[in-house]
Amino acid sequence: ERSGKKPRRFYSPEVWAEQLDEYIATHAGDQPVILVVQGGLLPCVLEMWRRGGAKRIAGVSLLSPPPVRFFASLAELSSDGLYEEG
């Protein structure tokens, strides 16, 4: 079982997403779910969404999401710290 106990070390969002996806598949089956995520676990949920799309993730509720600079490079941020596209 891939969602079993793992050694203590840093795991990428892809590893956490795989474990969460397996857990959800075990408990929710093929039904899409709504995920509630707080803070730094957002990359894991985004990876799950990237993998499964709308057929796995019906929605996401963000509680205390990390700042945009957590995901965007400095080149993508304006002088006031907001994301600038393109």
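What counts as what
Residues numbered from 1 in each chain as written. Predicted model: local features only at pLDDT ≥ 70, side-chain atom pairs only at ≥ 80, totals over all residues. Heavy atoms only, no water. Pairing = 2+ DSSP bridges. Helix = DSSP H or I, 4+ residues; strand = E, 2+ residues; numbered from the N terminus. Core = buried A, V, L, I, M, F, W, Y, C linked by side-chain atoms within 4.5 Å. Buried < 20%, exposed > 50% of the residue type's maximum accessible area, 1.4 Å probe, protein only. Contact = heavy atoms within 4.5 Å.

Q: Would you explain the pairing of strand E2 (residues 57-63) in this entry?
A: For a regular strand, side-chain orientation follows a simple rule: the groups alternate between the two sheet faces. Bridge count between strand E1 (residues 33-38) and E2: six bridges; the pairing is parallel. Following the sheet pairing, Ile34 is matched in E2 by Gly59.

Q: Got a minute to help me understand the nonpolar core in this structure?
A: A general feature of soluble globular proteins is that nonpolar side chains tend to end up buried together. Judged by nonpolar contacts, Ala17, Ile24, Val33, Leu35, Val37, Leu42, Val45, Met48 and Ile57 together constitute the single largest core of nine residues. Those elements that provide at least two residues to this core are helix H1 (13-28), E1 and helix H2 (42-52). Among residues more than four places away in sequence, those in contact with Val37 are Leu42, Val45, Val60, Ser61, Leu62 and Leu63.

Q: What is the right way to read the environment of Ala54 from this model?
A: Locating Ala54 in the fold gives a position in the loop between H2 and E2. Given the relative accessible area of 61%, Ala54 is considered exposed. In the structure, Ala54 is positioned 22 residues away from Pro32 in sequence and 7.1 Å away in space, judged by C-alpha atoms. Excluding residues within four positions of it along the chain, Ala54 makes contact with Pro32 and Trp49.

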